[in-house]
Amino acid sequence: MSDSFKLPEDCRTMPEVRTGVDSTDRELVELLDRRFGYMRAAARIKQDRNVVRDEARKAEVIENAKADAVERGLPAEKIEQIWELLVETSIGYELAEWDRIRA
């Protein structure tokens, strides 16, 4: 599959749309890899396992994503649900990394 793709507004055929979606999905996974890298860094930096879960920070991250979705005209409630899952998964990953580093 080619890494070249058209932007949504330039697509004229379904194969072009699918190529764009596939390329975007690869980029999203790459961004998730970077995000989880920050979770590994946090696990390394935080000296107390009890500070891994930060409910205030969690709420802030989710609210930021929801507000950004509203500004972009995206389905904000669904984005909020996605970010809830993303943040909870990130917390679980960070806890596992914290334990792995200190095992």
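As the structure is a computational prediction, the values presented were derived from the model and not from experiment.

### Here's the deal with the packing of helix H1 (residues 14-45) against helix H3 (residues 76-101)
Between H1 and H3, the shortest axis-to-axis distance is 8 Å and the interhelical angle comes to 45°. Here H1 is positioned oblique relative to H3, judged by the angle of their axes. Of the two possible hands of crossing, H1 and H3 adopt the one that is right-handed. In this structure, H1 contributes Leu32, Arg35, Phe36, Met39, Arg40, Ala42, Ala43 and Arg44 to the contact, and H3 contributes Leu86, Val87, Thr89, Ser90, Tyr93, Glu94, Glu97, Trp98 and Ile101.

### A closer look at the nonpolar core
Generally speaking, nonpolar side chains in soluble globular proteins are found buried as a group. Core analysis: the biggest nonpolar cluster contains seven residues, these being Ala43, Val52, Val61, Ile62, Val87, Ile91 and Trp98. The set of elements that each furnish at least two residues to this core consists of helix H2 (55-72) and H3. No other element matches the three residues that H3 contributes to this core. With residues near it in sequence (within four places) discarded, valine 52 still touches Lys46, Ile91, Glu94, Leu95 and Trp98.

Cut-offs applied
Residues numbered from 1 in each chain as written. Predicted model: local features only at pLDDT ≥ 70, side-chain atom pairs only at ≥ 80, totals over all residues. Heavy atoms only, no water. Axes fitted to C-alpha atoms, helices over the stretch in contact; angles between N-to-C directions. Helix = DSSP H or I, 4+ residues; strand = E, 2+ residues; numbered from the N terminus. Parallel < 35°, antiparallel > 145°, perpendicular 65-115°, else oblique. Left-handed = near helix turned anticlockwise from the far one by under 90°. Contact = heavy atoms within 4.5 Å. Core = buried A, V, L, I, M, F, W, Y, C linked by side-chain atoms within 4.5 Å. Buried < 20%, exposed > 50% of the residue type's maximum accessible area, 1.4 Å probe, protein only.

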